[in-house]
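# Examining the three-dimensional arrangement
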Amino acid sequence: FFFFQVVRHCRSMQTDDVARSTVDASAGRLLAIMADVDTVSGYLLAGIGDASATQGPNFFVVSNTTSRADMETAFRDLSSREDVAVLLVSEQVADVLRDEIDEYKKKMSERGPRRPGTKASNMPCTVLEMVPSTQPQ
C-alpha cells in the first residue's frame, strides 16, 4: 500500500522542476530504500532491487544492532548516488538520522530549481520519509 502512496506522491510533485527531474524514468534512475528487513524485502519483491557492480545495492537493511555510524554512511552513499532518484527512509531510521536528513534537505533546497538543459542524472536524490498510514476507524 505504501508503494502506491509513494507513486502518487511522486506524480503530484511534477509541478516542481527539481522533483520532475528526479523522478524521470527515462533517465534510468532508481528507487532506493533504508528500512527494516521486512520492509526492504517487500520492496525487493516488488522489483526495486538493483546491485551495481561499482556502487553496490540500492537498499540498506537496518536492525536493532545497526550502528548509527553505519546508517549515516549508508545514507550518504545512497543519497549521493547519481543513479538514485528517490531514497525512501523508514520512520525509525529517520528518527535516528534526523539531523543528517534535515541538513541534506536544506542543502538541496538551497540549490534552487534546475536550470534548463540540466541532465536528470545531475539532479539530487529526493529523500522521502515513510510514515505509517493510519487505519480507518
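One can find the structure itself at the top, above this paragraph.
Residues numbered from 1 in each chain as written. Predicted model: local features only at pLDDT ≥ 70, side-chain atom pairs only at ≥ 80, totals over all residues. Heavy atoms only, no water.

### Observations regarding the nonpolar core
Stated precisely, the cut-off is as follows: Residues belong to one nonpolar core when they are buried, are Ala, Val, Leu, Ile, Met, Phe, Trp, Tyr or Cys, and are joined through side-chain atoms within 4.5 Å. Buried residues are those whose accessible area, probed at 1.4 Å on protein chains only, stays under 20% of the maximum for their type, while exposed residues exceed 50% and partly exposed ones sit between those limits. Strands are runs of DSSP state E lasting at least two residues, helices are runs of H or I lasting at least four, and both sets are numbered from the N terminus onward. Two residues form a contact once any of their heavy atoms are found within 4.5 Å.
In this structure, Met 34, Phe 75 and Leu 87 are the most contacted members of the largest nonpolar core, which totals 18 residues. Those elements that place two or more of their residues in this core are strand 1 (30–35), helix 4 (68–80), strand 5 (84–90), helix 5 (91–96) and helix 6 (98–110). The element best represented in this core is helix 4, accounting for four residues. Among residues more than four places away in sequence, those in contact with Leu 87 are Ala 32, Ile 33, Met 34, Phe 75, Leu 78, Ser 79, Cys 125, Thr 126, Val 127 and Leu 128. Grouped together as the second largest cluster of nonpolar side chains are eleven residues, Val 40, Tyr 43, Ile 48 and Leu 88 included.

### Digging into the pattern of salt bridges
Test applied: The term salt bridge refers to a pairing of a side-chain nitrogen on Lys or Arg with a carboxyl oxygen on Asp or Glu at a separation within 4 Å.
Counted under the stated rule, the structure contains six salt bridges. In this structure, Asp 102 engages Arg 98 in a salt bridge whose closest nitrogen and oxygen atoms are separated by 3.5 Å. Of this pair, Asp 102 and Arg 98 both sit in helix 6, separated by four residues, roughly a single helical turn. On the basis of relative accessible area, Arg 98 is assigned to the partly exposed category, the value being 27%.

### Points about the sheet that holds strand 1
Quick note on the threshold: Being paired, for any two strands, means DSSP has found at least two bridges between them. Here an axis means a line fitted to C-alpha atoms, over the contact stretch when the element is a helix, while the angle between two N-to-C directions is reported on a 0 to 180 degree scale.
Spatial strand order, 4-1-5-6: four strands in an open sheet with parallel pairing. Across the chains shown, the open sheet's two edge strands, defined by having one partner strand only, are strand 4 (59–61) and strand 6 (126–130). Neighbour to neighbour, the strand axes of the sheet diverge by 20° on average, direction disregarded. Here strand 5 pairs with strand 6 via five bridges, running parallel. Within the sheet, the bridge partner assigned to Ser 90 lies in strand 6 and is Met 130. Strands strand 1, strand 4, strand 5 and strand 6 of the sheet are contacted by helix 3 (residues 37–45), whose axis makes an angle of about 160° with strand 1.

### Some words on the packing of aromatic side chains
Two aromatic rings are characterised by how far apart their centres lie and by the angle between their planes. What counts, and what does not: In this analysis, rings of Phe, Tyr and Trp, with Trp reduced to its six-membered ring, are considered paired at centre separations within 6.5 Å, and the interplanar angle assigns stacked below 30 degrees, edge-to-face beyond 60, and tilted for intermediate values.
Summed over the entire model, instances satisfying the criterion amount to one aromatic pair. A ring pair is formed by Phe 75 and Tyr 104, whose centres lie 5.8 Å apart and whose planes are at 85°; its orientation type is edge-to-face. Taken together, the positions of Phe 75 in helix 4 and Tyr 104 in helix 6 put the pair 29 residues apart, joining distant regions of the chain. Judged on exposure class, the residue Phe 75 and its partner Tyr 104 are both buried.

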